[in-house]
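Report on the structure
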Amino acid sequence: NLCEGVPRPLPRSAPDELMKLHHGVGSQPLSIAVAAGPFCTNDNLDYEPLSDLLHNAKHNDVLVLCGPFVDVNHPKLSGGDVDIETEDGVESVDYDTFFNFKISGVLETLYEENPDTKLQVVLVPSLHDAHHDYVFPQPPFADRVEGGQQSPFFPEEKLFTLDIPHTGGLGEDSKRVHCVSNPAMIKVNEVVIGEIGRAHV
C-alpha cells in the first residue's frame, strides 16, 4: 500500500482580494528578490558584494539568498584553514565561526543600520557550503551544537554556532531571517515559490 501525506491547505484569499492588496489604492506590489552565492570575490573574503546586495535590497519585502555562503571551492577556504582578522590580529577559526563572523555579522549590520526596514531574508543552503551538511536534500542552517560550545581558549566565545540574527530566538521581538531546506518551498502572502535551491552547480 502507498500511504500519501495530507495535502497542504489551499490558499484562503480569493484572487481579487490579493489583487486589491498588492495593486489597490495606497498599496504596494509584493517585491521579492533572489540571489545566489558565492557572495565574495575570488581574491578576498570581505563579502562586500553581499553587503552591497543587502543595502540595495533593503526596500524589498523579501530577499531569498541561495548559497554557497562559505564556498568550499573558494581559493582561501578550500585548504581547510580559515583566517579572519580580529581586534587582536589574525585568528584561525572553524567554518561555523567564519559564517558567524561574516554572514551573521553582515545581516546584523543590515538591521542595526536600517531599523525601519521590512525586509525578510530567506537563507537557502548549498551543497558547496563548507560549514553545512553535505547531503541532499539539505536541512536548514542550524547550530552544529545547540547553543554552541564554550571555547577552551577564549571564555567569551562559543564554538560551532552560526548565531544567525533575528531568527526568532530568545530575546528577539520579531523573526526577520528564515532558514529553509534545500530544496524548499516558501509561501509569501499566499504567493508560493517552489523548488528553491539545487543539487548541483
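Residues numbered from 1 in each chain as written. Predicted model: local features only at pLDDT ≥ 70, side-chain atom pairs only at ≥ 80, totals over all residues. Heavy atoms only, no water.

**Re the packing of helix α2 (residues 48-57) against helix α3 (residues 95-113)**
- Orientation of α2 relative to α3, taken along the N-to-C sense of each, is 30°, at an axis distance of 10 Å. Of the possible angle classes, the one that applies to α2 and α3 is roughly parallel. At the point where α2 passes α3, the crossing takes the right-handed sense. Facing Leu 50, Ser 51 and Leu 54 of α2, the residues of α3 in contact are Ile 103, Val 106, Leu 107 and Leu 110. (Axes fitted to C-alpha atoms, helices over the stretch in contact; angles between N-to-C directions. Helix = DSSP H or I, 4+ residues; strand = E, 2+ residues; numbered from the N terminus. Parallel < 35°, antiparallel > 145°, perpendicular 65-115°, else oblique. Left-handed = near helix turned anticlockwise from the far one by under 90°. Contact = heavy atoms within 4.5 Å.)

**Section: the side chain of Lys 58**
- Position of Lys 58 relative to the elements: it lies in the loop between α2 and β2 (62-66).
- Within the structure, the side chain of Lys 58 is placed 3.4 Å from the side chain of Asn 114, a separation counted as a polar contact. (Polar contact = N/O pair within 3.5 Å; in protein donor to acceptor, adjacent residues only side chain to side chain.)

**Re the sheet that holds strand β1 (residues 32-36)**
- Read across the sheet, four strands follow the order β1-β2-β5-β8 without closing on themselves; strand pairing throughout is parallel. Two strands lie at the open edges of the sheet, namely β1 and β8 (177-179), each paired on one side alone. Neighbour-to-neighbour, the strand axes of the sheet open up by a mean angle of 20°, direction not taken into account.
- Across five bridges, the pairing between β1 and β2 is parallel. Among the inter-strand pairings, Ala 36 is bridged to a residue of β2, identified as Cys 66.
- Across the sheet, α2 lies against β1 and β2, angled at about 160° from β2, the strand it touches most. (Pairing = 2+ DSSP bridges.)

**What to know about unusual backbone geometry**
- Between Phe 136 and the following residue, Pro 137, the backbone shows a cis peptide bond with an omega angle of 0°.
- With respect to the element layout, Pro 137 can be found in the loop between β5 (120-124) and β6 (149-150).
- The peptide bond linking Asn 182 to Pro 183 adopts the cis configuration, its omega dihedral lying at 0°.
- Counting through the fold element by element, Pro 183 comes out in the loop between β8 and β9 (184-188).
- Backbone geometry at Tyr 47 places phi at a positive 60°, although glycine is not the residue there.
- Within the fold, Tyr 47 resides in the loop between β1 and α2.
- The exposure class of Tyr 47 is buried, given its relative accessible area of 0%.
- The backbone of His 166 sits at a positive phi, close to 55°, despite the residue not being glycine.
- With a relative accessible area of 17%, His 166 lands in the buried category. (Buried < 20%, exposed > 50% of the residue type's maximum accessible area, 1.4 Å probe, protein only.)

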